[in-house]
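Geometric and topological summary
Listed here are the chains, written in short residue letters.
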Amino acid sequence: MASTILPLELVDRAIGSKVWVIMKTEREFTGTLVGFDDYVNMVLEDVTEYETTTEGRKSSKLGQTLLNGNNIAMIVPGRGPEDEQ
Amino acid sequence: MASTILPLELVDRAIGSKVWVIMKTEREFTGTLVGFDDYVNMVLEDVTEYETTTEGRKSSKLGQTLLNGNNIAMIVPGRGPEDEQ
Amino acid sequence: MASTILPLELVDRAIGSKVWVIMKTEREFTGTLVGFDDYVNMVLEDVTEYETTTEGRKSSKLGQTLLNGNNIAMIVPGRGPEDEQ
Amino acid sequence: MASTILPLELVDRAIGSKVWVIMKTEREFTGTLVGFDDYVNMVLEDVTEYETTTEGRKSSKLGQTLLNGNNIAMIVPGRGPEDEQ
Amino acid sequence: MASTILPLELVDRAIGSKVWVIMKTEREFTGTLVGFDDYVNMVLEDVTEYETTTEGRKSSKLGQTLLNGNNIAMIVPGRGPEDEQ
Amino acid sequence: MASTILPLELVDRAIGSKVWVIMKTEREFTGTLVGFDDYVNMVLEDVTEYETTTEGRKSSKLGQTLLNGNNIAMIVPGRGPEDEQ
Amino acid sequence: MASTILPLELVDRAIGSKVWVIMKTEREFTGTLVGFDDYVNMVLEDVTEYETTTEGRKSSKLGQTLLNGNNIAMIVPGRGPEDEQ
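Residues numbered from 1 in each chain as written. Chains lettered and ligands numbered in written order. Predicted model: local features only at pLDDT ≥ 70, side-chain atom pairs only at ≥ 80, totals over all residues. Heavy atoms only, no water.

In the annotation of an unreviewed UniProt entry, the entry for chain A reads LSM complex subunit LSM5, and the organism field reads Rhodotorula toruloides. According to the UniProt record, the Subcellular location (unreviewed entry) comment for chain A reads "Nucleus". The UniProt entry for chain A carries the following comment under Subunit (unreviewed entry): "LSm subunits form a heteromer with a doughnut shape." (UniProt positions renumbered as here; feature names shortened; annotations may be inferred.)

1. Some words on the overall build of chain A
From N to C terminus, chain A includes 1 helix and 6 strands. Compactness check: chain A gives a C-alpha radius of gyration of 13 Å against a globular reference of 12 Å for 85 residues, within 12% of the reference. Taken along its principal axes, the extent of the C-alpha atoms in chain A is 45 × 30 × 20 Å. Of all 85 residues assigned to chain A, the portion counted as buried reaches 54%. Counting only contacts in chain A whose residues sit at least 6 apart along the sequence, the fraction spanning at least 24 positions is 42%. Carbon and sulfur atoms make up 46% of the accessible area of chain A, which amounts to about 3900 Å² in all. (Helix = DSSP H or I, 4+ residues; strand = E, 2+ residues; numbered from the N terminus. Rg over C-alpha atoms; globule rule 2.2 N^0.38 Å. Buried < 20%, exposed > 50% of the residue type's maximum accessible area, 1.4 Å probe, protein only. Contact = heavy atoms within 4.5 Å. Areas by Shrake-Rupley, 256 points an atom, 1.4 Å probe, with all protein chains shown as cover.)

2. Observations concerning the interface of chain G and chain A
Taken residue by residue, the interface counts 22 residues in chain G and 23 residues in chain A. Remark: the boundary between chain G and chain A carries 1 salt bridge. With a closest N to O distance of 2.8 Å, R27 of chain A and E26 of chain G form a salt bridge. Summed over the shared surface of chain G and chain A, the number is 6 residue pairs in polar contact (both at pLDDT 80 or more). (Salt bridge = Lys/Arg side-chain N within 4 Å of Asp/Glu carboxyl O. Polar contact = N/O pair within 3.5 Å; in protein donor to acceptor, adjacent residues only side chain to side chain.)

3. A look at the interface of chain G and chain F
Between chain G and chain F, the contact holds 23 residues from the first and 22 residues from the second. Buried surface at the junction of chain G and chain F, summed over both partners, amounts to about 1800 Å²; 60% is from carbon and sulfur atoms. Together, R27, Q64 and L66 of chain G form the three largest contributors to the area buried by chain G at its contact with chain F, with a combined 31%. Counting residues per element, the ones that place at least two in the side of chain G that touches chain F are strand 2 (28-36), strand 3 (42-53), strand 4 (56-62) and strand 5 (65-67) of chain G. Partitioned by chemical class, the residues of the side of chain G that touches chain F number 10 nonpolar, 10 polar and 3 charged. Where strand 6 (residues 72-77) of chain F meets strand 5 of chain G, 2 bridges bridge the pair, whose relative direction is antiparallel. (Buried area = accessible area lost by both parts, 1.4 Å probe. Nonpolar A, V, L, I, M, F, W, Y, C, P; charged D, E, K, R; others polar. Pairing = 2+ DSSP bridges.)

4. So, the UniProt feature "domain: Sm" (unreviewed entry) in chain A
Taking the UniProt record as the reference, the feature "domain: Sm" (unreviewed entry) is found at residues 6-81 of chain A. Helix makes up 9% of residues 6-81 of chain A and strand 57%, whereas the separation of the span's terminal C-alpha atoms amounts to 24 Å.

5. Some details on the pairing of strand 4 (residues 56-62) of chain B
Residue and element names in this part refer to chain B. Note that strand 3 (residues 42-53) and strand 4 share 7 bridges and pair antiparallel. The residue of strand 4 that forms the bridge with Y50 is S59. The hairpin formed by strand 3 and strand 4 contains 2 residues between the paired strands.

6. What about the arrangement of the chains?
Of all C-alpha pairs spanning chain C and chain F, none lies closer than 19 Å, and the two are not in contact. Between chain B and chain G there is no contact; the minimum C-alpha to C-alpha separation amounts to 15 Å.

7. Describing unusual backbone geometry
Across the chain, the bulk of peptide bonds are trans and the bulk of non-glycine residues have phi less than zero. Residue and element names in this part refer to chain A. Not every positive phi belongs to a glycine, and V40 is a case in point at roughly 60 degrees. With respect to the element layout, V40 can be found in the loop between strand 2 (28-36) and strand 3 (42-53). What makes V40 buried here is its relative accessible area of 17%.

8. Things to note about the side chain of T65 of chain F
Relative to the elements of secondary structure, T65 of chain F occurs in strand 5 (residues 65-67). Separated by 3.1 Å, the side chain of T65 of chain F and the backbone oxygen of G63 of chain F make a polar contact. The contact partners of T65 of chain F, leaving out residues within four places of it in the chain, are L10, M74, I75 and V76 of chain E together with M42, V43, L44 and V47 of chain F.

9. Notes on the pattern of salt bridges
This model, assessed by the stated rule, comprises 21 salt bridges over all chains. Across the pair R13 of chain E and E9 of chain E runs a salt bridge whose closest N-O atoms are separated by 3.1 Å. Taken together, the residues R13 of chain E and E9 of chain E, both in helix 1 (residues 7-13) and 4 residues apart, mark about one turn of the helix. When salt bridges with common partners are traced through the structure, they connect E26 of chain A together with R27 and E49 of chain B into a single cluster.

10. Observations regarding the pairing of strand 3 of chain B
Residue and element names in this part refer to chain B. Of the pairings in the sheet, the one linking strand 2 (residues 28-36) to strand 3 comprises 7 bridges and is antiparallel in character. Looking across to strand 3, one finds that G35 is bridged to V43. Here strand 2 hands over to strand 3 after 5 residues, with V40 in that stretch at a positive phi of 55 degrees. Bridge count between strand 3 and strand 5 (residues 65-67): 3 bridges; the pairing is antiparallel. Bridge pairing links M42 to L67 in strand 5.

11. A few points about the environment of D46 of chain D
Residues and elements named next belong to chain D. You can see D46 is positioned in strand 3 (residues 42-53). Taking relative accessible area as the criterion, D46 reaches 59% and is therefore assigned exposed. Put simply, D46 and T65 are 19 residues apart on the chain and 8.5 Å apart in space, counted from C-alpha to C-alpha. Ignoring any residue separated from it by four or fewer positions in sequence, one finds D46 in contact with T30, G31, T32, L62 and G63.

12. Re the environment of G31 of chain G
Residue and element names in this part refer to chain G. Within the secondary structure layout, G31 lies in strand 2. Judged by relative accessible area, G31 falls into the buried class, the value being 4%. Remark: the alpha-carbon pair of G31 and D46, spanning 15 residues in sequence, is separated by 5.3 Å.

13. Structural notes on the environment of A14 of chain B
All names here are of chain B. Mapped onto the secondary structure, A14 falls in the loop between helix 1 (7-13) and strand 1 (18-23). Accessibility expressed as a relative area gives 4% for A14, which makes it buried. Expressed as a C-alpha distance, the spacing of A14 and E26, which sit 12 residues apart in the sequence, is 22 Å.

14. Side note on the confidence of the model for chain A
Residues and elements named next belong to chain A. Of all residues in chain A, 94% attain a pLDDT of 70 or more, and the chain-wide mean is 89. Looking at the elements of chain A, mean pLDDT is at its lowest for strand 4 (residues 56-62), recorded as 86, and at its highest for strand 5 (residues 65-67), recorded as 97. Under the prediction, the complex receives an ipTM of 0.84, its pTM being 0.86. (pLDDT = per-residue confidence, 0-100.)

Below, the structure written as C-alpha cells:
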C-alpha cells in the first residue's frame, strides 16, 4: 500500500512549485505557492487566472494573490489547466 | 445485525484503494485515496474528473489532487461512476 | 402523550435497517444504515440513488456510500421513495 | 405585557402535538412532534409532505422523519398549511 | 451624540410589541414578539406572512411561529410592511 | 504610512453618524448607526432602504432597524448611495 | 526556493498600499488598505468599486469602506483591475 499523505502535507510540499487552484465559484488560478495557513488560505505568485466563457478560455496575469481558503474547492499541485498529463 | 462502521473508519479503510467522490457542485472525481484529515479533506492520486454536459459525460486526467472536505457531498469507496455494480 | 425520541436516537435505532435520505441538493438515497457520527455523517450499504428528471424517476445502484451530514436535509427510517405507506 | 416564551420552550411545548415545519428549500411538512435537540433537529411522526408545483399543492405521506435543524426556516405549532385560522 | 443601543437590547425592548421580520429568503412576517434567544431565534404571535408575487402582495395568517435566527436578514420593531411611516 | 484602523474601530467611530450598509443579498440601507455588537449586527435609526429595479432605484423609509451581521457585505460610513463624493 | 509568506503576513505588508479585493459576489474594489483583523475583515480608503455589466466595466468612488472578510474571495496587493502587469 502507498504511504499516506495528509492534505496539509500535500500543500506544504507544493511550496515553491506551481499549483492549480479551482474555486467554488469556478474561477481557476495557477501560480507558484509561496505560503498558506491552517484554513488553507493560500498566497500565490506569478498568478494566471483562467475564465471559461462561451467563447473559450481566457487568461489574465496577476501578481501575488491571496485566495480565501473557504472558497477553494480543489488544489492540483505541479500543473495547470492547459498542461497535458 | 451487521456490525457498525463509523464514517471516518470507512474513509480510513479506503486508503490505497479507488474512491469516487461527488462534490456539492456536482463535479465528480475518482482516484486512489492517499490521505485525509478530520475535516475529510482528501488527497487523491491518478485522478479522473468527470463532467456531465448536455453532450454526455467527459473525463479528464489529473495527478495528485486535494479536495476540500466541506465541498464534498458523498464518497463511494471501491468503484467509479462508469463501473457496473 | 407519546414518549419522546431524540434525533440521534432515531438514527441509532435505524442501524441495520433501511433508511431513505434526502440531500439539500435534492439527491435521494436508500440503503441499509451501517454507521453514523455526531455530525450525522452516514454510512449506507446496498445503496440506491434516485434522480428525478423531466422523464421520471431513474435509479442507480451504489455499494457502501458515505453521505456528508451537513448536506442532508431529512432522513426517513424504514422505507424508500417508492414504498407505499 | 404578555409573558415571554423562549424559542426552545415553544418547541418543547409542542411535543405530542401537530407542527408545521417550513424548510429553507421551501419543502413543507406537518406531523406530530416526538422529539428535538439543541440544534432544533426534529423528529416528526405521521408526517405529510407538501409540495407546491405549478399545478397546485401535492401532498405525500411519510412515517417517522428526522429534519435537519439547520435547514429549517420556520416552525408553526398546532396547525398545518391547509388549516384555516 | 445619541446613546447607543445594542442589537439584542433592541430586540429585548420589542418584547410584547409588533415587529416586522424579513428573512434571507425574502419571506416577510409581522407579529407580536413573545420571545427570542441568543441566536435571535424569535417567537412571534398573531403572525401575518407577506409574499410578494408578480400579482402584488398577498398575506396569510399564522398563529405562534418560531423563526430560525440564522435565516433572518433584518428586524424592524414597531411597524409592518404596510404601515406608512 | 497612514496609521491603521481596525474594522470594529471604524464601526465604533461611526456611532451617531450616517452609514451606508450593503447586504449580501444586494439590499442597501442608510441610517444613523446607534449600536452594534461583536458579530457586527447593527442597529440603525432613520433608515432608508434602497432597491435597484429595472425601472431604477426606489427608496422607502424605515424606523429603527436591526441588520444581521452575517448578511452584511460592506459598510461605508459617512455617506449614502446617492451622495456624490 | 523562495521564502514563504503567510496569508495574514501578505495582508499586513499591504497596509498603506493599494489593494484589489474581489468579493464572492463578484463585486470588486480597489483602495488603500488601512486595517484588517483576524477574520480578514478589511478597512480600505479612497475606494473605487468596479462593476462589470453587459455594457462594460463601470466604476464609482467610495470613501472609507469596511469589507466583510467572509465575503472576500481573493486579494491582490499593489494593483487594480485596470493596471497592466
